[in-house]
Amino acid sequence: MNNLNGPDSIKKGDYGYSSEGLSKASSRRDRQSSGKAPKQPRNSGRVTKNDAKKLKNSTILSMILVVIQLALSGYFVYLMMAHKWSYMPNVPDAWFIGICAALVVFLIIAFILANGKKRSTKRVGKVISILVSIALLVCIFVLPFLSLGGKSKVDENPFVVFVSATDTFGDLNKEGNERSDTNILAAVNPKTSTVTMVSVPRDYYIPVIAKSVSIDTALNSDKLTHIGLYGNGQARNNNGEKVGAAGWNYACEVHWDHGKNALMDSLKKKFKFNVDKDHYHYAQLNFTGFGKLIDELGGVDVDVEKSFSYTTYEDYGEDNGKRKRYKFKKGEMHMDGNEALTFARTRKAFADGDLQRNRNQTVVLKGVANKALSPTMLLRYNGVLNAVNDCLETDIDASSMALLQTKVSGHKGYDGWNIVSFGVIGESSRQRVLWNGQALSVVLENPTSVSYGRKLLNKTLKGTDYKTLKRLSKQYTNEQGQQ
């Protein structure tokens, strides 16, 4: 019998523990019973049906994201090209080219990764497409609100806009001075969501406030429509040299620098509304622009006070020699651009002529304001600006106006803008005018009516509530009818 404790009993690798004498098989069974599974053989490279299906689905999703990225890229480029950098005129062309090149590069990268043979590669492509698409969505939304053009921005502080329409066709001459056919002062108070529009007859006879016009002379007044021809108020002789008030007899004898200062300063002096120059703006359209604006808005609803008919231009886009008979029936009427402009311009069909036209212009502008200041207007913002761009001149940064609308829309209790309208009246007469020294048909000022307009404008700027303003406007209008 062998000695268990002797040297012959110890085998190689046996250190006296019973486990050391286990067979490999028993050792493997022990490991399995302890919960540790043996290593499985690696896949030999075979792709299962399930793997192929996942890869195919991943490819489809990646391509959908690439298509979305392509669509957003195309729309963003379209916006920039359509506006011709109207919001950002000082941006170099190289920036535009660089942006387009970057979009193309990202599209190529996303497309290549989307067609990769590994799911991890496709995953990277998806991430790129999603990030680029989000960035494009932000840019598309923000683009209309950007402006580097140096125009005046509006904010939630009250301001006044002088709205003017000229009697010209086609593109507006933005380097020259035009007669103003429509003259409306609009006091805007974003804090109360209220706009008060005071319209002034085109032939109103008031003093001209301009650098080259003396207020001390006997003849320093003119028809309001003529004051637009005085530009920024600086007169020059044929040599281009500046001319003072003593250097000419009649305004038509000299040239006037382009601008709106004379017209705006004359109205501010007359109505004495309390705003500084940074909160006093202008917007001028001509026949063509006014018609385009209304058509782009989808027409306007106008409350016709008196039924009438009138024959005038068939198309305000251009004077093609053709004429049309327009008919207007008392009550609410939906009008397109040509109809609304005819309604706003007609005066010979009424006994009180320019005064009735003044009232008609106010209700048309009220209809335009109701449409233009609606929240849904933001969805048509780009189209409207493009439609009237060549026929509109303004110092207002349009992007800030759109941004203001979004802010006002977010005010608690906001239910659209409240619009109050009032028309200034006067008495028909014949007076010598500063423009050419001739005696022409004018409308003499009614001091009481002007004071009514002044009160409404200033009360709006100070924050008087809409109901009070509406009541006062109705009261003042009725009192004017009794005079």
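The paragraphs below set out a description of the structure included in this document. (Residues numbered from 1 in each chain as written. Predicted model: local features only at pLDDT ≥ 70, side-chain atom pairs only at ≥ 80, totals over all residues. Heavy atoms only, no water.)

## Some points on the overall build of the chain
As a reminder, the rule being used: Each helix corresponds to a stretch of at least 4 residues labelled H or I by DSSP, and each strand to a stretch of at least 2 residues labelled E; elements are numbered beginning at the N terminus. Per-residue accessibility, obtained with a 1.4 Å probe over protein chains only, is compared with the maximum for each type, and a residue is labelled buried under 20%, exposed over 50%, and partly exposed between these values. Residues count as neighbours in contact if any of their non-hydrogen atoms are within 4.5 Å of one another. All accessible-area figures derive from a Shrake-Rupley calculation using a 1.4 Å probe, and residue coverage is judged against the displayed protein chains alone.
What the chain contains, in helices and strands, is 13 helices and 17 strands. A total of 483 residues make up the chain; the buried ones form 45% of that total. Considering only contacts within the chain whose residues lie at least 6 apart along the sequence, 70% involve residues at least 24 apart. When the accessible area of the chain is evaluated, it comes to approximately 26600 Å², of which 54% is carbon and sulfur surface.

## Quick look at the nonpolar core
Defined as follows: To qualify as a nonpolar core, a set must consist of buried Ala, Val, Leu, Ile, Met, Phe, Trp, Tyr and Cys residues joined through side-chain atoms within 4.5 Å.
L185, Y230, W248, W256, F271, F273 and Y280 are the most contacted members of the largest nonpolar core, which has 49 residues in total. Residues within four places of L185 in sequence aside, it is in contact with V160, V161, F162, T196, M197, V198, L267, F271, F273, Y280 and L457. Residues V304, Y316, M335 and W417 belong to the second largest nonpolar core, which totals 43 residues.

## So, the sheet that holds strand 2 (residues 180-189)
Within a sheet, adjacent strands bond to each other through the backbone by hydrogen bonds, running parallel or antiparallel. What counts is decided by this rule: Should DSSP find at least two bridges between two strands, the strands are regarded as paired. Orientation is described by lines fitted to C-alpha atoms, with helices fitted over the stretch in contact, and by angles between N-to-C directions that extend from 0 to 180 degrees.
On the basis of which strands lie adjacent, the open sheet formed by 6 strands has the order 14-9-1-2-3-15 and mixed pairing. Every interior strand has two partners, whereas the edge strands, strand 14 (392-394) and strand 15 (418-423), have only one. This sheet shows a mean twist of 20° between the axes of neighbouring strands, independent of strand direction. The pairing of strand 9 (residues 280-286) with strand 14 spans 3 bridges and is antiparallel. Bridging across to strand 14, A283 finds its partner in T394. Strands strand 1 (159-166), strand 2 and strand 9 of the sheet are contacted by helix 7 (residues 287-296), whose axis makes an angle of about 95° with strand 9.

## A look at the packing of helix 7 against helix 9 (residues 354-372)
The following threshold applies: Here the word oblique covers every angle except those under 35 degrees (roughly parallel), over 145 (roughly antiparallel) and from 65 to 115 (roughly perpendicular). Each crossing is labelled by how the near helix is turned from the far one, with a counterclockwise turn of less than a right angle marking it left-handed and a clockwise turn marking it right-handed. When residue character is reported, Ala, Val, Leu, Ile, Met, Phe, Trp, Tyr, Cys and Pro are called nonpolar, Asp, Glu, Lys and Arg charged, and the others, Gly included, polar.
It is at 10 Å that the axes of helix 7 and helix 9 come closest, and there the two elements cross at 45°. For the element pair helix 7 / helix 9, the angle class is oblique. Read as a crossing pair, helix 7 and helix 9 show a hand that is left-handed. Between helix 7 and helix 9, the residues in contact are F290, L293 and I294 and V364, L365 and V368, respectively. Looking at the contact of helix 7 with helix 9 residue by residue, the class counts come to 6 nonpolar, no polar and no charged.

## Quick look at the side chain of S266
In plain terms, the rule: We define a polar contact as two N or O atoms separated by no more than 3.5 Å, with the added condition that, inside protein, one atom must be a possible hydrogen donor and the other a possible acceptor, whereas residues neighbouring each other in sequence contribute only through side-chain atom pairs.
Relative to the assigned elements, S266 resides in helix 6 (residues 261-271). Since its relative accessible area comes to 2%, S266 is described here as buried. Among the polar contacts made by the side chain of S266, one reaches the main-chain carbonyl oxygen of A262 at a distance of 2.6 Å.

## Quick word on the sheet that holds strand 6 (residues 235-236)
Strands sit in the order 7-6-8 across an open sheet of 3 strands; the sheet is antiparallel. Of all strands in the sheet, those with a lone pairing partner are strand 7 (242-243) and strand 8 (255-256), marking the two edges.

## Focus: the packing of helix 8 (residues 337-345) against helix 9
Packed helix pairs are specified by the crossing angle of their axes together with the interaxial distance, meaning the distance between the axes. Contact pair helix 8 / helix 9: the axes reach a minimum separation of 7 Å and the direction vectors enclose 145°. Contacts between helix 8 and helix 9 involve A340, F343, A344 and R345 from the former and R357, N360, Q361, V363 and V364 from the latter. Among the residues forming the contact of helix 8 with helix 9, the class breakdown is 5 nonpolar, 2 polar and 2 charged.

## Comments concerning a positive patch on the surface
Spelled out, the test is: Exposure above 30% relative accessible area and no salt bridge define the residues that can form patches, which grow by joining like charges within 9 Å and nonpolar side chains of Val, Leu, Ile, Met, Phe, Trp and Tyr within 5 Å. Criterion for a salt bridge: a side-chain nitrogen of Lys or Arg within 4 Å of a carboxyl oxygen of Asp or Glu. By the counting scheme adopted, Arg and Lys are positive, Glu and Asp are negative, and His together with the chain ends is not counted. Working definition for charges: the position is that of NZ of Lys, CZ of Arg, CG of Asp or CD of Glu.
Taken together, the side chains of K455, K459, K462 and R471 present a region of like positive charge at the surface. Note on placement: R471 falls in helix 13 (residues 466-481).

## What about helix 12 (residues 447-462)?
Since one α-helical turn is 3.6 residues long, residues separated by three or four positions face the same way. Which entries qualify depends on this criterion: Every helix has an expected span of 1.5 Å times one less than the residues it contains.
Taking 1.5 Å as the rise per residue, helix 12 with 16 residues should run 22 Å; its terminal C-alpha atoms sit 22 Å apart, in good agreement. Among all positions in helix 12, only S449, V450, S451, Y452, G453, L456, L457, N458, T460 and L461 are buried. In this structure N446 caps helix 12, since a side-chain oxygen of it lies 3.1 Å from the backbone nitrogen of T448. The first or second residue beyond helix 12 is G463, which carries a positive phi of 105°.

## Focus: the packing of aromatic side chains
Worth spelling out the cut-off: Classification of ring pairs rests on two measures: the distance between centres of Phe, Tyr or Trp rings, Trp counted by its six-membered ring, which must be within 6.5 Å, and the angle between planes, read as stacked under 30 degrees, edge-to-face over 60 and tilted in between.
The tally for this structure, following the rule as stated, stands at 17 aromatic pairs. Centroid distance F308 to F343: 5.8 Å. Interplanar angle 25°. Geometry classified as stacked. Taken together, the residues F308 in strand 11 (residues 308-313) and F343 in helix 8 connect sequence positions 35 residues apart. With a relative accessible area of 9%, F308 lands in the buried category.

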